[in-house]
Amino acid sequence: MNTIMLFDRNFVVALFVLFCLNGFGQKPKNLETAQEIQVESLLLKGIEAFNTAEFDKSIANFQEAKQLARKINNLSRVGISQQLLANVYLKQGEFDKAFPEIHEAIKIHQQLQESTRLGEDYLTYAQLLSKTNNNTEALKYLNESVSIFGGSGDKNDKQSLASAHLYKGAIFQDQKKDLLALEEFDEALQILSKLNDSRNNYSIARLKLLTARSRSTLNELESSLEDANTAYTMSVNGSFPLIETDALRLMSSVSKKMGKTEDALNYLELYTKRAQLYFQDDIASTRNLAARNALMADINPDNYDASKRVQANKITTVLIIALFTILCLLALSLYKNNNLRAKANELLQAKNAELVIAKENAEKASVVKAQFLSTITHELRTPMYAVTGLTHLLLSENPTEEQKKHLDSLKFSGEYLLSLINNILDLNKLEADKVEVEQATFNLRKRVDDVLFALERSAQEKGNKLHLEYDSEIPDQIIGDPLMISQILINLIGNGNKFTRDGDIFVRIKQLSRNNTQTYLHFEVEDTGEGISKKKQKDIFQNFTQGSVQINRKFGGTGLGLSIVKRLLTLQKSKIELESTLGKGSKFFFDIKYGLTQNKKEPEERVYEIDYDALKGRNILVVEDNKINQMITRKILEKNEMKCDVADNGEIAIEKVRFENYDLVLMDIHMPGISGIEATQKIREFNKDLPILALTAVTIDENIDDFYLAGFNDIIPKPYKVEEFFFKIHNALKRKNVIL
């Protein structure tokens, strides 16, 4: 079954994508041990090693992940480890090692009812059975895999479904059942074509070649030649040398069957050149000399008499002279070509050196950009923490009505600045494809009401009125990403409010259709503001773009909101549309599909369960270099009758923890001297039980694993809600049995 193994790279890539989506697509929730993070890290390292053909390293990582997953009783990760091990052993031809691993993986995924991973198990198991000449059993498990993936609309499941049909076709082709093989190849081609993904071009080209072979066997020569030619063209465009040379050989063979001897010779000559170019295949040259002689044998000249033979001898003499002349010219041409090639090589080496430098500069620029965003985030969020923290403290000290009005204004301004910071960071994450769509149950009407309530005051300040038209047929609970729709509406309504004065902003949400599992909703946000010219409508969704210089000066803003809206809708397979007339207003609209839940119970708002009495008297160490932040955190803690000690940097914090007793440490990350991560690592060398929380303004989405591995028990991003602040402190103390 050599044919099947040509596709195992696509299968492993699909398995890798599936593993990332299921294992890493969501942030870890309630992650309590560093061992779970270590398992995920080992699995990723093993997959990376597999993709670079470092099989020994890959096996070592998967074995270690399996043992650690068993130790912490994580059956799901044990099954994944064994599935990946089976694939590595299959690739190496160690079938006796692959079978036990895949058997155990199948048992685990059956027990956990993880159907998608079970389908991938069956694909691997079928390949093993086929390699050990058990095609009947292999077909049985491939049919099981088709049943699992056939009903799914997920893109990765469709990839796996195409692989299952391909493997079945390859088995039928080896069994000389070419009609059945063609049916399976056609199914696989249809699936891959519908996915419309250029990364599948290699698989499509290979399927066309396999189809051409079966058609040749069935004497469907015209169709065979057409499919082989398609495979050849795709391989040339996509740089697939193995398919290209195989297609040329097949085209030569089919042309010979059709009696097109000259075409067959041309294809064979081209194949020989390509094989030598790509593979330095001297064996191929020798093998195809025999094939060429066989083709030449088909050219049978008519019988000729002696006079014709004399004439032929004269022609032969002339041809020999001509051939000698051509050889001389060829030698001269080769000499000149060698000189040109030497110069070209020098030029290419210089260009390569330039490209290497350009690549290194681009990588450095990317690192600098990431470092800049991390630094600017910290620098912006640190004073924002001071603004929001002081505002909270002042509001809690019974201000007068006039003071409360000013404090509310200060709070709104702080939230506006924080929204601007988050917009910039969201844009960076969207460009890096690091934002993923959550699937959660939520109440859409409540989400919309919250958004309108939050924007009501800013609308009133500009004399605008917000209007909501909400379809009563929309279900109370839907399944989708609540944060994304909130952010989309905030940006669109905020955009309308920014460019409208003494006008109206309409929000309309209507149900277009609905079935047992989905509802299809139409959203509109319309304003009576400035409007957008036809010329600017094409560019308005680009980064930092606004209607005009005059509008930018008049209304302000970054021009990021609509760009973020477009990217968020694209992630949800939707598209933003715009209708606008200059001077009359604008209407933005889009459609989104949401899932439906069978649970009729209203989703509950999160309630922080905190025993404030149990927190009283607890001794907390705050490690913070910013004096204002020290004062704010101390006041918040002391208002709850907690004891608070302060360390200005990491070195002082280490010494204080070494010689004094604290119930919990709040550790900043960016500090002079050693960082909060380094300080925590040093504390963990002599105190492994003390709860340490990262109180930080850095962006933690991409490096959250580093925080837990360094020894932190939890993370509190600044600025934070006070309830969440005490909730995390309460949980950390409770987990360490400091409080009951």
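First, a word on what this report is: a plain description of the structure on this page. Just so we're clear, the structure is a prediction, and the values are computed from it rather than from any experiment.

All right, on to the pattern of salt bridges then. Using the criterion set out here, one finds 27 salt bridges in the structure. For the salt bridge of Arg 508 with Glu 526, the shortest nitrogen-to-oxygen distance reads 2.7 Å. Of this pair, Arg 508 sits in strand β4 (residues 504-514) while Glu 526 sits in strand β5 (residues 518-527), placing them 18 residues apart in sequence. When the shortest N-O distance is used, the salt bridge between Lys 587 and Glu 579 registers 3.8 Å. What makes Glu 579 partly exposed here is its relative accessible area of 45%. Overlapping salt bridges bring together Lys 208, Arg 215, Glu 220 and Asp 227 as one network.

Here Val 387 lies in helix α16 (residues 306-395). Assessed through its relative accessible area of 28%, Val 387 is described here as partly exposed. Linking Val 387 and Ile 628, residues 241 residues apart in sequence, is a C-alpha distance of 9.9 Å.

Once that is clear, we can look at the packing of helix α3 (residues 34-51) against helix α4 (residues 55-71). Orientation of α3 relative to α4, taken along the N-to-C sense of each, is 160°, at an axis distance of 8 Å. Comparing the axis directions of α3 and α4 gives the class roughly antiparallel. Handedness of the α3/α4 crossing: left-handed. Every residue of α4 that contacts α3 at Gln 35, Gln 38, Val 39, Leu 42, Leu 43, Lys 45, Gly 46, Ile 47, Ala 49 and Phe 50 is listed here: Phe 55, Lys 57, Ser 58, Asn 61, Phe 62, Glu 64, Ala 65, Leu 68 and Ala 69. For the contact of α3 with α4, the per-class residue count stands at 11 nonpolar, five polar and three charged.

Attention now goes to a nonpolar patch on the surface. Taken together, Leu 323, Leu 327, Leu 330 and Leu 334 make up a surface patch of nonpolar side chains, about 370 Å² in accessible area. Checked against the element boundaries, Leu 327 lands in helix α16.

Attention now goes to the nonpolar core. For soluble globular proteins, the rule of thumb is that nonpolar side chains tend to be buried together. If you look at the biggest cluster of nonpolar residues, it comprises 75 residues, and the most contacted ones within it are Leu 43, Phe 62, Ile 102, Tyr 125, Leu 128 and Leu 207. At eight residues, the largest contribution of residues to this core is made by helix α5 (residues 75-92). Discounting chain neighbours no more than four positions away, the residues touching Leu 207 are Leu 166, Phe 185, Ala 188, Leu 189 and Leu 192. Core analysis: the next-biggest nonpolar cluster, separate from the first, contains 38 residues, Tyr 470, Ile 478, Ile 493 and Val 565 among them.

Let us now look at the sheet that holds strand β8 (residues 619-623). Ordered in space as β9-β8-β10-β11-β12, the five strands form an open sheet in which the pairing is parallel. In this open sheet, the two strands that pair with only one neighbour each are β9 (643-647) and β12 (714-717). Averaged over all neighbouring strand pairs, the angle between strand axes comes to 25°, with direction disregarded. One ladder, built from five bridges, connects β8 with β9; its direction is parallel. Looking at the pairing, Ile 620 lines up with Cys 644 of β9.

Calculation notes
- Residues numbered from 1 in each chain as written.
- Predicted model: local features only at pLDDT ≥ 70, side-chain atom pairs only at ≥ 80, totals over all residues.
- Heavy atoms only, no water.
- Salt bridge = Lys/Arg side-chain N within 4 Å of Asp/Glu carboxyl O.
- Helix = DSSP H or I, 4+ residues; strand = E, 2+ residues; numbered from the N terminus.
- Buried < 20%, exposed > 50% of the residue type's maximum accessible area, 1.4 Å probe, protein only.
- Axes fitted to C-alpha atoms, helices over the stretch in contact; angles between N-to-C directions.
- Parallel < 35°, antiparallel > 145°, perpendicular 65-115°, else oblique.
- Left-handed = near helix turned anticlockwise from the far one by under 90°.
- Contact = heavy atoms within 4.5 Å.
- Nonpolar A, V, L, I, M, F, W, Y, C, P; charged D, E, K, R; others polar.
- Patch = residues over 30% accessible without salt bridge, like charges linked within 9 Å, V, L, I, M, F, W, Y side chains within 5 Å.
- Areas by Shrake-Rupley, 256 points an atom, 1.4 Å probe, with all protein chains shown as cover.
- Core = buried A, V, L, I, M, F, W, Y, C linked by side-chain atoms within 4.5 Å.
- Pairing = 2+ DSSP bridges.

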